[in-house]
Amino acid sequence: MNYFSSNFKLGILGGGQLGKMMLYETRKLDIYTKVLESSKDAPCKIACNEFVLGDLLDYDAVYNFGKNVDVLTIEIENVNIKALEKLEDEGVKVYPPTKALKIIQNKATQKLFYTDNTIPTAAFSRFAYTSEIKDSIENGGLKLPFVWKAAQFGYDGQGVKVVRQIEDLNNLPNVECIAEEMVPFKNELSVIVARSASGEVVTYPVVEMEFHPEANQVEYVICPARINEDVAKKAQEIALKVSNKIQQVGLLAVEMFQTEDDQILVNEVAPRPHNSGHQTIEASYTNQFEQHIRAILNLPLGNTENKVPGIMVNLVGAEGHTGDVVYKNMENILKLEGVTPHIYGKKQTRPFRKMGHVTIVNKDLKKARAIAQKVKETIKVISK
Ligand code: ADP
């Protein structure tokens, strides 16, 4: 199939920053794109060929959007799966395949998939409603503390809450959920695996994530992770196993915990480009977005090695600021060595909203980390 400068159409569900960065690659290769998104000012608007307004969870919106594209992919998992199944039946190539997406969309199903396939993960119980958890604690079936997770529609830590006492359950939505054992981890790691339609598969180096303690959002992504080789190898093998077992096509970001005794437990996966792979744009031979396009078009996959170590800092809206965005001290960070900012193009900021990221590359990872800290302390995402 000829994808380049041709009639081929790639559809993307979701118009956020992940889509926008994917579109840099389709522009590079002159692949025609169409984006479905519900917000008229979404980041993808400036980079796609066709922008369609519509609700990603609405059957008709997704079905009508997808029926005249050749390949359909996503940049967010919360999409109408029934419409995707219908499109797949009618011959549209849907990547990630709906079977994989179905498993991943629901955290309970995802966890069951790990246990069924002997993929190491934290112990958990599944509940149809949050209100059922109290009984289970009272009759001794479930022990405190645990991590409550909404089965569906959680994003960036919003559907996750540590429950230390029964009262912590009071303000949680009464939805399908899981109660997961608290993992005393020493590191959070991620491995991105790319798998093409014909089954060619490659893994990126392991990255280490440092989280904001309150917002539950990644603050720094460090590549390569500062862990020993055996642990890195184990993490990559597990990530590869998940991608193969789930029969993914496209990228799969596998988030993992490294426990005190160096066990690796899979936390969750995302079947698309991921925040833990943004540094690949500057640091890798093949960035994650180009790799995703290669994988879903069944093209040869690219080299995943680092050209240089890289660190990514998320630019999130400062607390106490809501409204038209201003990036304060941008000139100051641009003066620092090896710094590349990415601004997603969201006009409005609010506390902890992901507005952009900054990549820092340096031959010396320690230096990169010091510069990253400086970037974090200098740039502020505020309102006018
Ligand atoms: P989301 O889908 O919102 O990203 P995650 O399941 O990744 O939610 O959880 C967000 C964060 O919460 C994790 O990155 C980790 O820091 C913490 N967390 C999640 N599960 C556990 C657990 N079982 N034990 C300890 N911390 C956890």
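What counts, and where the lines are drawn
Residues numbered from 1 in each chain as written. Predicted model: local features only at pLDDT ≥ 70, side-chain atom pairs only at ≥ 80, totals over all residues. Heavy atoms only, no water. Helix = DSSP H or I, 4+ residues; strand = E, 2+ residues; numbered from the N terminus. Rg over C-alpha atoms; globule rule 2.2 N^0.38 Å. Buried < 20%, exposed > 50% of the residue type's maximum accessible area, 1.4 Å probe, protein only. Contact = heavy atoms within 4.5 Å. Areas by Shrake-Rupley, 256 points an atom, 1.4 Å probe, with all protein chains shown as cover. Lys, Arg positive; Asp, Glu negative; His and termini not counted. Charge placed at Lys NZ, Arg CZ, Asp CG, Glu CD. Phe/Tyr/Trp six-rings, centres within 6.5 Å; stacked < 30°, edge-to-face > 60°. Pairing = 2+ DSSP bridges. 1 Å grid on protein atoms, 1.4 Å probe; cavity = no way out; pocket = protein on both sides within 12 Å on 5 of 7 lines; lining within 4 Å. Points joined across faces, edges and corners; volume = space filled by probe spheres on them. Nonpolar A, V, L, I, M, F, W, Y, C, P; charged D, E, K, R; others polar. Core = buried A, V, L, I, M, F, W, Y, C linked by side-chain atoms within 4.5 Å. Axes fitted to C-alpha atoms, helices over the stretch in contact; angles between N-to-C directions. Parallel < 35°, antiparallel > 145°, perpendicular 65-115°, else oblique. Left-handed = near helix turned anticlockwise from the far one by under 90°. Polar contact = N/O pair within 3.5 Å; in protein donor to acceptor, adjacent residues only side chain to side chain. Salt bridge = Lys/Arg side-chain N within 4 Å of Asp/Glu carboxyl O. Expected span 1.5 Å × (residues − 1).

**Student:** So, the overall build of the chain: which residues are in play, and what are the values?
**Tutor:** Along the backbone of the chain there are eleven helices and 21 strands. Its C-alpha radius of gyration of 21 Å places the chain within 12% of the 21 Å reference for a compact globule of 384 residues. Dimensions of the chain, computed from C-alpha atoms along their principal axes, come out at roughly 65 × 55 × 45 Å. Burial analysis of the chain (384 residues in total) assigns 56% to the buried set. Look at the contacts in the chain between residues 6 or more apart in sequence, and 63% of them connect residues 24 or more apart. Element-wise, carbon and sulfur atoms account for 48% of the exposed surface of the chain, whose accessible area totals about 16800 Å². Of the charged side chains in the chain, 46 are positive and 48 negative; the average position of the first set lies 4 Å away from that of the second.

**Student:** Describe the packing of aromatic side chains, and please don't skip the residues or the numbers.
**Tutor:** Overall, the coordinates contain five aromatic pairs when judged by the stated rule. For the ring pair Tyr3 and Phe8, a centre distance of 4.8 Å and an interplane angle of 80 degrees mean the geometry is edge-to-face. In this structure, Tyr3 and Phe8 share a single accessibility class: buried. Relative to Tyr114, the ring of Phe113 has its centre 6.1 Å away and its plane inclined at 65 degrees; by these criteria the two rings are edge-to-face.

**Student:** Now, about the sheet that holds strand S21 (residues 380-383): what can you tell me, with residues and values included?
**Tutor:** Ordered in space as S19-S17-S21, the three strands form an open sheet in which the pairing is antiparallel. The sheet is open, and its two borders are formed by strand S19 (348-349) and S21, each paired with just one other strand. Here strand S17 (residues 323-328) runs beside S19; their pairing, made up of two bridges, is antiparallel. When the bridges of S19 are listed, Gly323 appears paired with Thr349.

**Student:** I'd like a rundown of empty space enclosed by the protein, residues and numbers included.
**Tutor:** By the definition in use, this model includes two cavities of 30 Å³ or more. Considered as a void within the structure, the largest cavity measures approximately 60 Å³ in volume. Surrounding the largest cavity, 13 residues form its lining, Tyr204, Pro205, Val207, Gln279 and Thr280 being those nearest its centre. Counting residues per element, the lining of the largest cavity draws most heavily on strand S10 (residues 185-195), at three residues. Of the residues that constitute the lining of the largest cavity, the class distribution is six nonpolar, seven polar and no charged. Here the second largest cavity is characterised by a volume of approximately 40 Å³. Taken together, Lys107, Gln110, Lys111, Lys149, Ile178, Glu180, Asn267 and Glu268 make up the lining of the second largest cavity.

**Student:** I'd love a proper account of the nonpolar core, names of residues and values included.
**Tutor:** Within the largest apolar cluster, 25 residues are counted, with the highest numbers of intra-cluster contacts made by Val206, Val242, Val254, Met256, Val266 and Val269. For this core, the secondary-structure elements that each account for two or more residues are helix H4 (98-105), helix H5 (107-116), S10, helix H7 (229-245), strand S14 (250-259) and strand S15 (264-270). Counting residues per element, this core draws most heavily on H7, which supplies six residues. Judged by nonpolar contacts, the second largest core, of 21 residues, contains Ile12, Leu18, Met22 and Cys44.

**Student:** Please give an account of the packing of helix H2 (residues 59-66) against helix H3 (residues 81-89) that cites residues and values.
**Tutor:** Between H2 and H3, whose axes approach to 8 Å, the crossing angle comes to 30 degrees. In this view, H2 runs roughly parallel relative to H3, as classed from their interaxial angle. Crossing geometry of H2 relative to H3 is assigned as right-handed. When H2 is examined against H3, the residues Tyr59, Val62, Tyr63 and Gly66 are found in contact with a partner set consisting of Lys82, Ala83, Leu84, Lys86 and Leu87. In the contact of H2 with H3, the residues fall into six nonpolar, one polar and two charged.

**Student:** Go over the side chain of Asn314, please, and point to the residues and values.
**Tutor:** Its place among the elements puts Asn314 in strand S16 (residues 310-316). Polar contacts involving the side chain of Asn314 include one to the side chain of Asn275, which spans 3.0 Å. Contacts of Asn314, omitting those with residues within four sequence positions, involve Val218, Glu219, Asn275, Lys354, Gly356, His357 and Lys376.

**Student:** I'd like a description of the pattern of salt bridges, backed by residues and values.
**Tutor:** Applying the stated criterion across every chain yields a total of 18 salt bridges. Ionic pairing is found between Lys9 and Glu50, a salt bridge with its closest N-O pair at 3.5 Å. Separated by 41 residues along the polypeptide, Lys9 in strand S1 (residues 9-13) and Glu50 in strand S3 (residues 50-53) bring together distant segments of the chain. What makes Glu50 partly exposed here is its relative accessible area of 25%. The structure contains a network of salt bridges with shared partners spanning Glu25, Lys28, Glu290 and Arg294.

**Student:** I'd love a proper account of the sheet that holds strand S8 (residues 160-163), names of residues and values included.
**Tutor:** Pairing is antiparallel across the open sheet formed by four strands, whose spatial order is S6-S9-S7-S8. Since the sheet does not close on itself, it has two edges, and those belong to strand S6 (124-127) and S8, each with one partner. Sheet twist, expressed as the mean angle between neighbouring strand axes with direction ignored, is 25 degrees. Sheet analysis places strand S7 (residues 146-150) next to strand S9 (residues 177-181), joined by five bridges and oriented antiparallel. Across the sheet, residue Trp148 finds its bridge partner in S9, namely Ala179.

**Student:** Which residues make up helix H1 (residues 17-29), and what values go with them?
**Tutor:** Residues lying three or four places apart along an α-helix face the same way, a consequence of the helix completing one turn every 3.6 residues. Compared with the 18 Å implied by 1.5 Å per residue over 13 residues, the 19 Å span of H1 between its first and last C-alpha is a close match. For H1, every residue scored as buried is listed here: Gln17, Leu18, Gly19, Lys20, Met21, Met22, Leu23, Glu25 and Thr26.

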